[in-house]
Structures are given as structure tokens and as C-alpha cells.
Amino acid sequence: MFATLDAVLADAAAHLTRAARDRKSAMHVPVVGTGDGDLRMMVLRACDPEIGLLRFHTDARSAKTTTIAADGVGSVLAFDPDAKIQLRLRGPARIEAAGPVADAAWAAASEYARRCYLAVGAPGSPTDQPRSGLPEEVEGIRPSEEQLLPARENFAVLLIEPTSLDWLYLAHDGHRRAQFARAMPGQDWQGTWVIP
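Here's what I pulled together on the structure shown here. Quantities reported herein were computed from a predicted structural model and do not represent experimental measurements.

About the criteria used
Position numbers for residues start from 1 in each chain and track the written sequence from start to end. Side-chain atom pairs in this predicted model are given and counted only at pLDDT of 80 or more, local residue features only at pLDDT of at least 70, and totals for whole chains, interfaces and linings cover all residues. Side-chain calculation: all heavy atoms of the structure are included, whereas hydrogens and water are not. Helical segments are the DSSP runs of H or I of at least four residues, strand segments are the runs of E of at least two, and each set is numbered from the N terminus. Atoms counted for the radius of gyration: C-alpha only. Globule rule: 2.2 Å times the number of residues to the power 0.38. Think of it in three bands: residues with accessible area under 20% of the maximum for their type are buried, residues over 50% are exposed, and the middle band is partly exposed, with areas taken using a 1.4 Å probe on protein chains only. By this rule the span expected of a helix is its residue count minus one, scaled by 1.5 Å. Every residue pair with non-hydrogen atoms within 4.5 Å of one another is taken to be in contact. Only buried residues count toward a nonpolar core. Its members are Ala, Val, Leu, Ile, Met, Phe, Trp, Tyr and Cys residues joined through side-chain atoms within 4.5 Å. Arc, as used here, means the arc of the directions from the helix axis to the C-beta atoms. By this definition, two strands are paired if DSSP reports at least two bridges between them.

**Examining the overall build of the protein chain**
Point 1. Scanning the protein chain for helices and strands turns up five helices and 10 strands.
Point 2. Taking 16 Å as the expected radius of gyration for a compact globule of 196 residues, we find that the protein chain reaches 18 Å, a close match to that expectation.
Point 3. Seen through its C-alpha atoms, the protein chain measures out along the principal axes to roughly 55 × 30 × 30 Å.
Point 4. A buried classification covers 41% of the 196 residues belonging to the protein chain.

**Some words on helix 1 (residues 5-21)**
Point 1. Taking 1.5 Å of rise per residue, 17 residues should cover 24 Å, and helix 1 covers 25 Å from first to last C-alpha, within 8% of that figure.
Point 2. Listed in full, the buried residues belonging to helix 1 are Val8, Asp11, Ala12, Ala13, His15, Leu16, Thr17, Ala19 and Ala20.
Point 3. Looking at the buried residues of helix 1, the elements they touch are strand 3 (46-47), strand 5 (73-80), strand 6 (85-96), strand 8 (164-169), strand 9 (176-181) and strand 10 (190-194).

**Description of the environment of Ala107**
Point 1. When you line up the elements, Ala107 lands in helix 3 (residues 100-108).
Point 2. In this structure, the C-alpha to C-alpha distance between Ala107 and Met41, residues 66 residues apart in sequence, is 23 Å.

**Considerations on the nonpolar core**
Point 1. The biggest cluster of nonpolar side chains holds 30 residues, and the ones touching the most others in it are Ile51, Phe56, Leu87, Leu158, Ile160, Leu165 and Trp167.
Point 2. Listing elements by their share of this core, those giving two or more residues are helix 1, strand 4 (54-59), strand 5, strand 6, strand 7 (155-160), strand 8 and strand 9.
Point 3. Residue contributions to this core peak at six residues, all from helix 1.
Point 4. Excluding anything up to four places from it in sequence, Leu165 contacts Leu9, Ala12, Ile51, Leu87, Arg88, Leu89, Ala178, Gln179, Phe180 and Trp189.
Point 5. Membership of the second largest hydrophobic core comes to 12 residues, among which are Ala105, Leu118, Val138 and Leu148.

**Here we look at helix 2 (residues 63-71)**
Point 1. When we look at burial in helix 2, the residues that qualify are Lys64, Thr65, Thr67 and Ile68. For helix 2, the arc enclosing every buried residue in end-on projection is 165°, short of the 170-degree limit, so these residues lie on one face. Turned more than 90 degrees off the buried face of helix 2, the exposed positions are Ala63, Thr66, Ala69 and Ala70.
Point 2. Turning to helix 2, the residues buried within the fold contact strand 1 (31-34), strand 2 (39-41), strand 4, strand 5, strand 6 and strand 7.
Point 3. Phi for Gly72, located one or two positions after helix 2, is positive at around 65°.

**Remarks on the environment of Ala102**
Point 1. Within the fold, Ala102 resides in helix 3.
Point 2. Take Ala102: its relative accessible area is 0%, and that puts it in the buried class.
Point 3. Between the alpha carbons of Ala102 and Trp189 there is a distance of 27 Å; along the sequence they are 87 residues apart.
Point 4. Here Ala102 is in contact with Glu96, Ala97, Arg152, Phe155 and Val157, once residues within four sequence places are set aside.

**What about the pairing of strand 1?**
Point 1. Relative to strand 2, strand 1 runs antiparallel, the two sharing three bridges. In the strand pairing of strand 2, Val31 is matched with Met41.
Point 2. In this antiparallel pair of consecutive strands, strand 1 and strand 2, the connection spans four residues, and Gly37 shows a positive phi of 90°.
Point 3. The pairing of strand 1 with strand 5 spans four bridges and is classified as antiparallel. Following the sheet pairing, Gly33 is matched in strand 5 by Ser75.

**Concerning unusual backbone geometry**
Across the chain, the bulk of peptide bonds are trans and the bulk of non-glycine residues have phi less than zero.
Point 1. Even without being glycine, Ile51 reaches a positive phi, approximately 55°.
Point 2. As for its placement among the helices and strands, Ile51 is situated in the loop between strand 3 and strand 4.
Point 3. Its identity is not glycine, yet Lys84 carries a phi of approximately 60°, on the positive side.
Point 4. As for its position among the elements, Lys84 is in the loop between strand 5 and strand 6.
Point 5. On the basis of relative accessible area, Lys84 is assigned to the partly exposed category, the value being 33%.

Pasting the structure below:
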């Protein structure tokens, strides 16, 4: 049982930082929402220990990039069924397609991950039959660095700086819930216990 707000915040940070490093973590692929209410599952690529910044990869041509540019809000829902912990986060969001953060994320991604950004159309583009959208010459293979060059222009990162965090622990003897907030990214979290 979690007895202090500091322990709760540390638990949330541990879950998210592990999820970004460990593909077997239950929270590795949370649900990410945009201000228009659209939801999708995305791989959590990075989270710092203060839960100051969450990073996801996205196609720069996707509809969510336009939505994020317009309203600048993102939300995340993650659940670990074994730990019985649910995390909900919300805060300012932005898309970066160029610059050091996007460049570093691109360089660190595997060839298979970068291959996704070679798709000939934007995500959600209509097609006459089921297809990946990848050019035939890279379908099912690990592409070379040369083949991946055109993909970089379609790659971007989605960055969310949480300013609210809702932590819920499900327990047979009674659930526990805490909420944390900060006025601006980078400030210290202020928490309170709430009725689940």
C-alpha cells in the first residue's frame, strides 16, 4: 500500500521510465489523445525521472500533427494490470520534425522503426486494397541507410509535458487515488489524495 504522496509520485515515475525502456512493460504502449478527442496507442519512447517530458514518434504527415499544432494539448492513459495501477496524464504538447530532439530520436531508432516513415502516403490515406504503404523494395526487409534517407522528412516526435497526473491503485480492500498538478512544465508536482 502506498502511504505517502511522494511514494505515489515515485511509483508513477518508475512505471513510466521503465515503460520507455522496456518493451515488455504493460505501459510501453499507452493510449495517447489529442485535444479533439481522437485516441491511438503509441510506443512511449522516453520519460525523464521527474515525468517532465514524454516522447513518442510519429509521422509528420499524420492528422494528429495538425491537431497538436492547433491546440497544443496531449493526454496519455497507461495501465499496468499486474500492479493494478492506472496513470492519466495531460499537458502541453508539440510536434518537432527538425532540431536536436528529433534528430537524436531518428538516429537512435532502428532501421525497422525508421522504415515506417517511407510510406508513400500519409497515415489514413485511402488505398484500394490492404497494404502497408511501404515501397515494394523495402517491404519485409531491413532497409539500408541509403534507402532510409527519404524517410527522415516524414519523421517527427510528439512531446508532451504533463501538468496533471492522476494515479489510481485498484485494491480489493479499497482503491486509492492521488492527483498531482503543476502550473507549468518544469515546476514541482503538488499532490493530494482524492476519493477513487
